[in-house]
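Letter by letter, the chains look like this.
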Amino acid sequence: KAYNVAILGATGAVGTRLIEQLEQSTIPVNSLKLLASPRSAGKQLEFKGEKITVEATTPDSFDGIDLVLASGGGSVSAQYAPEAVKRGAVVVDNSSYWRMNDDVPLVVPEVNESALSSHNGIIANPNCSTIQMVVALAPIKQQFGLKRVIVSTYQAASGAGQSAWNELVAETTAYNAGEPVHANILPVKGAQHHYPLAYNLLPQIDVFEDDGYTHEEWKMIHETKKIMFGDKNSKAVKVTGTAVRVPVPIGHGETVYFETNDGAGATTASIQAALRSAAGVVLEDNPAEQLYPQPVNAAGKRETFVGRVRPDLENDDSFHMWVVSDNLLKGAAWNTVQIAERLVALNLVRVPQGASDKFPVTK
Ligand code: A2P
């Protein structure tokens, strides 16, 4: 069988990579529809050497579609995912809107592919920072258990979309020319204050919660629990972190401190061995040769790169590592297409009878 596929948000930073990742995937595509806002209607993009005209999205856009790859943002997915499911399409959604819904599996194929089997038409793709962290932690948890995680992120501008990436480039150019630097997007679209990212660091990604954490930090905590422990509020592991935007175009970095089970016997060498044989991981860890992962090297690649594995010097069974991945690929477009590939392979591109009732169409 070949599938009728739609990409929602096809003109965005992730959307354009969804087209490219779909092109390189094993999914048999019968037809491809490219959907965006009315601003982009009429624009032409290429898929397998063929020009496709971008269309403005309406509910009827999903008539006859089998599979939707969505990356148009939370409100777009809130509105259109139920419309697509109602019409019999399975949606793999990159936005945060559906991730915490108990009827929606949150999936990283290397970690919890089995969660796909119970889907109801919508499958959520996790946050970019969460994905690369759980890819690196999963093989460690499997062998040595996992009690606690403390992460600090160094997140690229493109994680906030094409417009934020463009803003970083414009700010850098202006700064280098000695011209005034204007910020209109970061740290968060629509926020009260905007600050430049060029030659700067912004310890705010997404909006602030009442407890002083940002929503990005909240996502990393609860998504990690849902993916690795099957429950977004699991008490089986303690997770916390700080998310920081850095002036890098592509590629998120993370320092991850983690505690394995007491007496599980983890060593630097055994953790490195677990990572070396883990799916989706490339170990780049040799201090003697100054070998460690870097965003410039990870950009354009599908894998998650891990290095700087070393023991904590004061806490038993505890370690630190440095994790880097392309936030637009494994963090977004590739993980989405990888989920779709697995759905195809497992014959799961179908909405179960009555399942669309779980996602009522709004307005
Ligand atoms: P457009 O380019 O027409 O604005 P990014 O994450 O890089 O900002 O991209 C967001 C994507 O979501 C773009 O493709 C954008 O299209 C699309 N989008 C934004 N608003 C809507 C909407 N109301 N309906 C459909 N697509 C939308």
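See above for the structure.
Residues numbered from 1 in each chain as written. Predicted model: local features only at pLDDT ≥ 70, side-chain atom pairs only at ≥ 80, totals over all residues. Heavy atoms only, no water.

**Q** Mind showing me how you'd approach the environment of Ser31 here?
**A** Tracing the sequence through the fold places Ser31 in strand S2 (residues 29–36). For the pair Ser31 and Pro105, spaced 74 residues apart in sequence, the C-alpha to C-alpha distance is 26 Å. Not counting residues up to four positions away in its chain, the partners in contact with Ser31 are Tyr3, Asn4 and Val5. (Helix = DSSP H or I, 4+ residues; strand = E, 2+ residues; numbered from the N terminus. Contact = heavy atoms within 4.5 Å.)

**Q** Sorry, what's going on with the pattern of salt bridges here?
**A** A complete count under the given rule lists 14 salt bridges for this structure. Across the pair Arg87 and Asp60 runs a salt bridge whose closest N-O atoms are separated by 3.1 Å. Placement of Arg87 in the loop between helix H2 (74–86) and strand S7 (90–93) and of Asp60 in the loop between strand S5 (55–56) and strand S6 (67–70) is noted, with a sequence separation of 27 residues between them. A relative accessible area of 22% means that Arg87 is categorised as partly exposed. For Glu223, the salt bridge is made with Arg99, and the minimal N-O distance between the two is 2.9 Å. With Glu223 in helix H6 (residues 215–229) and Arg99 in the loop between S7 and helix H3 (109–112), this residue pair connects regions lying 124 residues apart in the sequence. Judged by relative accessible area, which is 5%, Arg99 ranks as buried. (Salt bridge = Lys/Arg side-chain N within 4 Å of Asp/Glu carboxyl O. Buried < 20%, exposed > 50% of the residue type's maximum accessible area, 1.4 Å probe, protein only.)

**Q** How do you make sense of the site of the ligand when you look at a structure like this?
**A** Lining the immediate surroundings of the ligand are 16 residues, of which Thr11, Ala13, Ser37, Arg39 and Ser40 lie closest. Gly12 has a polar backbone atom sitting 3.1 Å from an oxygen atom of the ligand. Ser37 is positioned such that a nitrogen or oxygen atom in its side chain is 2.6 Å from an oxygen atom of the ligand. Across the shell around the ligand, the residue classes tally to four nonpolar, ten polar and two charged. Formed jointly, the shell around the ligand draws a minimum of three residues from each of two domains, domain 1 (3–125 + 331–358) and domain 2 (130–327). (Near = heavy atom within 4 Å. Polar contact = N/O pair within 3.5 Å; in protein donor to acceptor, adjacent residues only side chain to side chain. Nonpolar A, V, L, I, M, F, W, Y, C, P; charged D, E, K, R; others polar. Domains from an automatic or database assignment.)

**Q** I would appreciate a short explanation of the packing of helix H4 (residues 128–144) against helix H9 (residues 329–345) in the present structure.
**A** Running from N to C, H4 and H9 cross one another at 85 degrees; their axes reach a closest spacing of 8 Å. As far as their axial angle goes, H9 and H4 are roughly perpendicular. Residue-level inspection shows Cys128, Ile131 and Val135 of H4 in contact with H9, the latter providing Lys330, Gly331 and Asn335. Split into classes, the residues belonging to the contact of H4 with H9 amount to three nonpolar, two polar and one charged. (Axes fitted to C-alpha atoms, helices over the stretch in contact; angles between N-to-C directions. Parallel < 35°, antiparallel > 145°, perpendicular 65-115°, else oblique.)

**Q** Just to check I follow, could you spell out the sheet that holds S6 for this structure?
**A** Taken in spatial order, the six strands of this open sheet run S5-S2-S1-S6-S7-S8, and their pairing is parallel. With one partner strand each, in any of the chains shown, S5 and strand S8 (122–124) form the two edges of the open sheet. Summarising the sheet, strand S1 (residues 3–8) and S2 pair through six bridges and their orientation is parallel. Counted as the bridge partner of Ile7 is Leu34 from S2. Its contacts with the sheet place H2 against S1, S6, S7 and S8, and it is angled at close to 160 degrees to S7. (Pairing = 2+ DSSP bridges.)

**Q** Could you clarify how one ought to interpret the packing of aromatic side chains in this entry?
**A** Here the distance between the centres and the angle between the planes together describe a pair of aromatic rings. Tallied over the full model, the rule gives six aromatic pairs. Geometrically, the ring pair formed by Tyr97 and Trp98 is edge-to-face, given 4.9 Å between the ring centres and 80 degrees between the ring planes. Members of the aromatic cluster, each reached through a chain of ring pairs, are Tyr97, Trp98 and Phe359. The ring centre of Phe229 lies 4.6 Å from the NZ or CZ of Lys141, which sits over that ring. Between Arg302 and the ring centre of Trp334, over which it is positioned, the NZ or CZ distance is 3.7 Å. (Phe/Tyr/Trp six-rings, centres within 6.5 Å; stacked < 30°, edge-to-face > 60°. Lys NZ or Arg CZ within 6 Å of the ring centre and 35° of its normal.)

**Q** Sorry if this is basic, but what is going on with the environment of Val256 here?
**A** Here Val256 shows up in strand S11 (residues 252–259). Note: C-alpha distance between Val256 and Met228 (28 residues apart in sequence) is 16 Å. Setting aside chain neighbours within four positions, we find Val256 in contact with Met133, Leu137, Val149, Ile150, Val151, Phe319, His320, Met321 and Val323.

**Q** Explain the nonpolar core to me, please; I cannot follow it from the model alone.
**A** When a protein is soluble and globular, its nonpolar side chains tend to lie buried together. Val68, Leu137, Val256, Phe258, Ile271, Val306 and Met321 are the most contacted members of the largest nonpolar core, which has 52 residues in total. Three or more residues apiece are contributed to this core by two domains, here domain 1 (3–125 + 331–358) and domain 2 (130–327). Counting residues in each nonpolar core, the second largest holds 38 residues, with Leu18, Leu22, Leu67 and Ala333 among its members. (Core = buried A, V, L, I, M, F, W, Y, C linked by side-chain atoms within 4.5 Å.)

**Q** Help me understand H4, please; the structure alone is not making it clear to me.
**A** Three- or four-residue spacings in an α-helix give side chains the same orientation, since the helix completes a turn every 3.6 residues. With 17 residues, H4 should reach 24 Å at 1.5 Å per residue; the first-to-last C-alpha distance of 25 Å fits that figure. The largest bend in H4 is about 35 degrees, located at Leu137, with the proline Pro139 one to four residues further on. Along H4, 14 of the 17 residues are buried, which leaves the element largely enclosed by surrounding structure. With a side-chain oxygen positioned 2.9 Å from the backbone nitrogen of Ser129, the residue opening H4 is Asn127. Taken from the residues just after H4, Gly145 is the one with a positive phi, measuring 75 degrees. (Expected span 1.5 Å × (residues − 1). Bend = angle between axes of the 7 residues up to and from the residue.)

**Q** Sorry if this is basic, but what is going on with the packing of helix H1 (residues 13–23) against H9 here?
**A** How two helices pack is summed up by the angle between their axes together with the distance between the axes. With their axes 9 Å apart at the nearest point, H1 and H9 run at an angle of 45 degrees to one another. Taken as axis vectors, H1 and H9 run oblique relative to one another. For the element pair H1 and H9, the recorded crossing hand is right-handed. Residues Val14, Arg17, Leu18, Glu20, Gln21 and Leu22 of H1 form the contact with H9, whose participating residues are Leu329, Ala332, Ala333, Trp334, Thr336 and Val337. Partitioned by chemical class, the residues of the contact of H1 with H9 number eight nonpolar, two polar and two charged. (Left-handed = near helix turned anticlockwise from the far one by under 90°.)

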